[in-house]
Amino acid sequence: MKSPFDEMLDATGKARPHYQVFHNWLKQQSDTLMGLKRAEADLIFRRVGITFAVYGDDLGSERTIPFDQVPRIFAAKEWEQLEAGLRQRVKALNCFIYDVYHDENIIKAGIVPAEQIFNNAQYRPEMRNVSVPRDIYAQIAGIDIVRAGEGEFYVLEDNLRVPSGVSYMVEDRKMMMRLFPDLFQKYRVAPVEHYPDLLLECLKSVKPDDVKKPNVVVLTPGMYNSAYFEHSYLAQQMGVELVEGSDLFVQNNSVYMRTTQGPQRVDVIYRRIDDDYLDPLVFNADSMLGVPGLLSAYRNGGVTLANAVGTGVADDKATYIHVPAMIKFYLGETPLLENVPTYELSKPDDLAYTLAHLSELVVKEVQGSGGYGMLVGPAASKKELADFRLRIIANPSNYIAQPTLALSTCPTLVEQGIAPRHVDLRPFVLSGKTVTLVPGALCRVAMKEGSLVVNSSQGGGTKDTWVLQENIVDNSSASDTLDTIIEDAVTC
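Residues numbered from 1 in each chain as written. Predicted model: local features only at pLDDT ≥ 70, side-chain atom pairs only at ≥ 80, totals over all residues. Heavy atoms only, no water.

S.K.: With reference to specific residues and values, describe unusual backbone geometry.
M.R.: Glycine aside, negative phi is the norm for most residues, and most peptide bonds take the trans geometry. Here the bond from Ala306 into Asn307 is cis, since omega is -5°, no more than 30 degrees from zero. For Asn307, the position within the fold is in the loop between strand S12 (304–306) and helix H10 (317–320). With phi around 60°, Arg134 is a residue other than glycine that occupies positive phi space. Note that Arg134 resides in the loop between helix H5 (114–118) and strand S4 (140–149). (Helix = DSSP H or I, 4+ residues; strand = E, 2+ residues; numbered from the N terminus.)

As structure tokens, this is what we get:
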């Protein structure tokens, strides 16, 4: 098996052109200094409350995500290639969601099997023939990308329900600027700090038709949710109210927020609650998190939910297999980003191959997430392989399998010093009046040697992602740029 693609170094050990200046800088930094900077970052993240929860964790419910100080850097042209593919993919996914709840053309064409959609746990019949503003269902999409080689980007997963992690993208940038301001004199790095402004603009653009000045809120399950920091962070950064279900009520097909000045109409809800808990009158009757009557108001155009109810039908891992065909079907275009080759275990031939090569493959639950419910064959014990084999045989359609790609690595500061660790990337695509994304992403890194699992719940960390606006600049000419960047940044 060939060595993984190294983001910073080529096969000869020489720094790639867009990393050269950083590589030279890194060699001049002492292990002691880098260790102190890592401790400083951890302390600041704790003070600010940039934490996440791991349910059932014996070490405590709140922890910081390990932050690595070696950024992942993209040359401008490389990012342009990636961005074009992301825009294309999200457009097709929105077309697909509209279609499955309206004309079902992709089913009639025999491209996606009807049973795969209608038997999907995330398919919501309540959304049949419901009109949503601009026909957009996934206003916020987090698309997981991996690289296997030079220019070889693959989509690993589409996250369209309540994708999380964008707050770390923004805060990692602020942290890098605080720890190493001299680096921003050496590069022109495209900004990401304006993401909350773009998000608010996107949300306002999908307001109900009869509303001129939309009132936007962020709906959270509450402070015990694992991503509560992000909910409160985005609400604060956008300058909108953070609400829980008990703060809202429905009257005359409109949604209102309880305030000290009396009820105030809410027009757009950026919801961070799963479909099942949104409305106890329709979904989970025991839910205390949602708003009774919310779906009725939504179906009648009294409020916009972002993302829409029922988007999960498009980020199922079995649906993922068909996205390249969706792009051709809806857009008439060749996919710019490829899927990872995937075996659909509901098919006898794919099942037989997977069972025969289980130790070589990654197997995932169709509706699993967070790194749970999956098997990494090359890293599994004989007992784990045997147990997972029985689970697959009991319910083959619940799984897909993929080859173990040689995911790219990026130099990472670990206990032993700087060492390669596997990384992935989650850019966030916003669909409103236009389809847009900031030049940056959440870069997740597997902190354990050899591990391919980057999820924070499984011990993964994060890196800042730099997209270069142009080639490296002279130190002398960059001082004004640095001053502007630092003035715009909010200090931690």
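S.K.: Before we move on, can you summarise the sheet that holds strand S7 (residues 241–243) with the specific residues and values?
M.R.: On the basis of which strands lie adjacent, the open sheet formed by four strands has the order S7-S6-S11-S12 and parallel pairing. Two strands bound the open sheet, and with one partner strand each, they are S7 and S12. On average, adjacent strands in this sheet sit at an angle of 30° to one another, irrespective of strand direction. In this structure, strand S11 (residues 268–271) lies alongside S12, joined through three bridges in parallel fashion. (Pairing = 2+ DSSP bridges. Axes fitted to C-alpha atoms, helices over the stretch in contact; angles between N-to-C directions.)

S.K.: Got a sec to walk through the packing of aromatic side chains? Specific residues and values, please.
M.R.: Following the criterion strictly, the structure yields 19 aromatic pairs and no others. Relative to Phe153, the ring of Phe74 has its centre 6.3 Å away and its plane inclined at 35°; by these criteria the two rings are tilted. In this pair, Phe74 is assigned in strand S3 (residues 67–74) and Phe153 in strand S5 (residues 152–159), connecting sequence segments 79 residues apart. In this structure Phe74 comes out as buried when scored by relative accessible area, which is 0%. Judged by relative accessible area, which is 5%, Phe153 ranks as buried. Ring plane angle 65° and centroid distance 5.5 Å describe the contact between Phe388 and Tyr399, whose orientation is recorded as edge-to-face. Within this pair, whereas Phe388 is found in helix H13 (residues 382–394), its partner Tyr399 is found in strand S17 (residues 399–403), the two being separated by eleven residues in sequence. In this structure an aromatic cluster arises from ring pairing among Tyr19, Phe22, Trp25, Phe180, Phe184, Tyr187 and Trp466. Here Arg124 stacks its cationic end above the ring of Phe283, 5.2 Å away from the centre of that ring. (Phe/Tyr/Trp six-rings, centres within 6.5 Å; stacked < 30°, edge-to-face > 60°. Buried < 20%, exposed > 50% of the residue type's maximum accessible area, 1.4 Å probe, protein only. Lys NZ or Arg CZ within 6 Å of the ring centre and 35° of its normal.)

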